[in-house]
Amino acid sequence: MIEETLFEAEEKMEKAVSVGKEDFASIRTGRAHPSLFNKILVDYYGAPTPINQVASFHVADARMITVHPYDKSSMAAVERAIRDSDLGVNPSNDGQVIRVVLPQLTEERRKEYIKLAREKAEGIRVSIRNIRRHAKETLEKLVHDGEVGEDEAGRAEKQLETLTKNHVDQVDELLKHKEAELLEV
């Protein structure tokens with residue numbers, strides 16, 4: 001029962017870190033990268049559809065991405081979705097492809113992105129701690145119900161603390177890497 005609780009907690013913590021990686025990838029740095037578009041939804045025939053399901057991306061250079069919609073009739077919807085996103089870009093459309101030129105990041109904008117990254121990291125840490133709290137409550141309930149001994153539960157709680165620390169350290173490392181990337185000129 002203890003192993004199941006620890007395994008479930010570890011799986012959930014891994015998932016929280018993986019969601020965090022995706023969130024960090026969607027924060028824009030100075031370089032063009034297709035993952036910037038991961039959170040954008042296109043109104044495709046009345047249904048909100050992830051942009052990567054209706055178009056392909058090609059990084060032309062460090063600050064330009066070309067977007068190739070699979071269906072040419074969806075060109076305007078894709079362009080509108082990119083324009084309305086929080087990327088702060090104005091895409092241009094030549095009838096065949098959509099060009100997205102990413103403006104140079106200002107110092108102020110970089111600081112905003114760092115602040116956003118720190119907020120996201122704190123949110124991930126909170127969810128990891130919530131997972132720990134839930135697992136700890138489960139262990140305490142097992143002791144209270146007499147299914148396991150207090151010594152076993154104590155060892156399991158130490159393992160849980162180690163798991164939590166490892167995952168929080170992973171989040172801190174991701175944040176440190178993202179901040180360094182954002183401060184690069």
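Rules used throughout
- Residues numbered from 1 in each chain as written.
- Predicted model: local features only at pLDDT ≥ 70, side-chain atom pairs only at ≥ 80, totals over all residues.
- Heavy atoms only, no water.
- Pairing = 2+ DSSP bridges.
- Helix = DSSP H or I, 4+ residues; strand = E, 2+ residues; numbered from the N terminus.
- Contact = heavy atoms within 4.5 Å.
- Axes fitted to C-alpha atoms, helices over the stretch in contact; angles between N-to-C directions.
- Domains from an automatic or database assignment.
- Buried area = accessible area lost by both parts, 1.4 Å probe.
- Salt bridge = Lys/Arg side-chain N within 4 Å of Asp/Glu carboxyl O.
- Buried < 20%, exposed > 50% of the residue type's maximum accessible area, 1.4 Å probe, protein only.
- Polar contact = N/O pair within 3.5 Å; in protein donor to acceptor, adjacent residues only side chain to side chain.
- Core = buried A, V, L, I, M, F, W, Y, C linked by side-chain atoms within 4.5 Å.
- Patch = residues over 30% accessible without salt bridge, like charges linked within 9 Å, V, L, I, M, F, W, Y side chains within 5 Å.
- Areas by Shrake-Rupley, 256 points an atom, 1.4 Å probe, with all protein chains shown as cover.
- Lys, Arg positive; Asp, Glu negative; His and termini not counted.
- Charge placed at Lys NZ, Arg CZ, Asp CG, Glu CD.

**Student:** Looking at this structure, how should I read the sheet that holds strand β3 (residues 55–61)?
**Tutor:** The pairing of strands in a sheet happens through backbone hydrogen bonds and is either parallel or antiparallel. On the basis of which strands lie adjacent, the open sheet formed by 4 strands has the order β3-β4-β6-β5 and antiparallel pairing. Only two strands of the sheet have a single partner each, and these edge strands are β3 and β5 (92–93). Of the pairings in the sheet, the one linking β3 to strand β4 (residues 64–69) comprises 6 bridges and is antiparallel in character. Bridging across to β4, S56 finds its partner in H68. Against the sheet, helix α2 (residues 75–84) touches β4, β5 and β6 (98–101), its axis set at about 10° to β6.

**Student:** Any chance you could explain the domain arrangement of the protein here in plain terms?
**Tutor:** A common way to express how large an interface is: the accessible area buried when the components associate. Domain parsing of the protein yields domain 1 (1–27 + 106–183) and domain 2 (34–101). For domain 1 and domain 2, the distance between their C-alpha centroids amounts to 33 Å. Residue-level contacts link 6 residues of domain 1 with 5 residues of domain 2. Surface buried jointly by domain 1 and domain 2 totals about 410 Å² across both partners, of which 41% is contributed by carbon and sulfur atoms. Inspection of the domain 1/domain 2 interface yields 1 salt bridge.

**Student:** I keep staring at the side chain of T164 and nothing clicks. Help me out?
**Tutor:** With respect to the element layout, T164 can be found in helix α4 (residues 150–183). What makes T164 buried here is its relative accessible area of 4%. At 2.8 Å, the side chain of T164 forms a polar contact with the backbone oxygen of L160. Beyond its immediate chain neighbours, meaning those up to four positions away, T164 contacts M13, I128 and R132.

**Student:** How should I be thinking about the nonpolar core in this particular structure?
**Tutor:** A general feature of soluble globular proteins is that nonpolar side chains tend to end up buried together. The biggest cluster of nonpolar side chains holds 27 residues, and the ones touching the most others in it are I2, M13, F24, I27, I128, L160 and V171. Elements supplying a minimum of two residues to this core: α1 (2–25), α3 (107–144) and α4. In this structure I2 touches L139, L142, V148, E152, A153 and A156, once residues within four positions along its chain are discounted.

**Student:** Can you help me understand the pairing of β6 in this one?
**Tutor:** Regular strands show a simple pattern: their side chains alternate between the two faces of the sheet. Only one face of β6 is covered, namely the one carrying I98 and V100; the face carrying R99 and V101 has none of its residues buried. Pairing geometry for β4 and β6, over 4 bridges, is antiparallel. By the bridge assignment, V67 is partnered in β6 with I98. Pairing of β5 with β6, which is carried by 2 bridges, proceeds in the antiparallel orientation. If you follow S92 over to β6, its bridge partner there is R99.

**Student:** Mind showing me how you'd approach a negative patch on the surface here?
**Tutor:** Taken together, the side chains of E3, E4, E150, D151 and E152 make up a negatively charged region of the molecular surface. With 3 residues, the single largest contributor to the negative patch is α4. Considering the arrangement of structural elements, one finds E3 in helix α1. Taking the relative accessible area as the measure of exposure, E3 reaches 59% and is therefore exposed.

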